[in-house]
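# Secondary and tertiary structure notes
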Amino acid sequence: MRYLPTIDLTPQVSLLLSAGALHLQPGQWVTGGKGVGRYLRTDRRTGTTYVSWVRPGDDWKTQSQRFHRACMKGYVGKYASRHEGLKPARPDRYRYGGGGHSAATL
């Protein structure tokens, strides 16, 4: 397995993730205000970064089970293919703020 360094989740790094200029692998270790955790995903629409944080007193098995459940709930990693069928793609007119409903489309 390839070595992936631990990344500090600073406001600048979060901004790069939300803009798509930086990509992290799901499961990559990150540090932040809540301690150490494993990166899940970043929602590019809202800019929210999702992390499965390690809680005090967690052993490896408990933490890995929490990360696995978070991957399943967030459709991350090998579960991402399930997400595409559930959530339809938004038209580009909503992404860029243009468009809207007109009398011709109603």
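Residues numbered from 1 in each chain as written. Predicted model: local features only at pLDDT ≥ 70, side-chain atom pairs only at ≥ 80, totals over all residues. Heavy atoms only, no water.

## Some words on the overall build of the protein
Looking only at helices and strands, the protein has four helices and four strands in total. Listed N to C, the secondary structure of the protein is β-α-β-β-β-α-α-α in terms of helices and strands. Here the protein holds 106 residues, and the buried ones make up 22% of them. When the accessible surface of the protein is summed, it comes to about 8,000 Å², and 56% of that surface belongs to carbon and sulfur atoms. (Helix = DSSP H or I, 4+ residues; strand = E, 2+ residues; numbered from the N terminus. Buried < 20%, exposed > 50% of the residue type's maximum accessible area, 1.4 Å probe, protein only. Areas by Shrake-Rupley, 256 points an atom, 1.4 Å probe, with all protein chains shown as cover.)

## Some points on the sheet that holds strand β4 (residues 49-53)
Backbone-to-backbone hydrogen bonds pair the strands of a sheet. The strands run either parallel or antiparallel. Pairing within the open sheet is mixed, and its four strands lie in the order β1-β2-β3-β4. The open sheet has two edge strands, β1 (7-8) and β4, and neither has a second partner. For β1 and strand β2 (residues 29-32), the ladder comprises two bridges, and the chain directions are parallel. The residue bridging Ile7 from the neighbouring strand is Val30, located in β2. (Pairing = 2+ DSSP bridges.)

## Examining the pairing of β4
As paired strands, strand β3 (residues 35-42) and β4 are joined by five bridges and run antiparallel to one another. Directly across from Thr42, in β4, lies its bridge partner Thr49. A loop of six residues connects β3 with β4, the two strands running antiparallel in sequence, and Gly47 in this loop sits at a positive phi of about 80 degrees.

## A closer look at the pairing of β3
Note on strand geometry: in a regular strand, side chains alternate between the two faces of the sheet. Relative to β3, β2 runs antiparallel, the two being bridged by four bridges. Paired with Trp29 across the strands is Arg38, a residue of β3. Taking the residues that link successive antiparallel strands as the turn, the β2-β3 hairpin has two residues.

## Remarks on the nonpolar core
Counting seven residues, the largest nonpolar core consists of Leu9, Val13, Leu17, Leu24, Val30, Tyr39 and Val51. When sequence neighbours within four positions are dropped, the list of residues in contact with Val30 reads Thr6, Ile7, Leu9, Leu24, Gly35, Val36, Gly37, Tyr39, Val51 and Trp53. (Core = buried A, V, L, I, M, F, W, Y, C linked by side-chain atoms within 4.5 Å. Contact = heavy atoms within 4.5 Å.)

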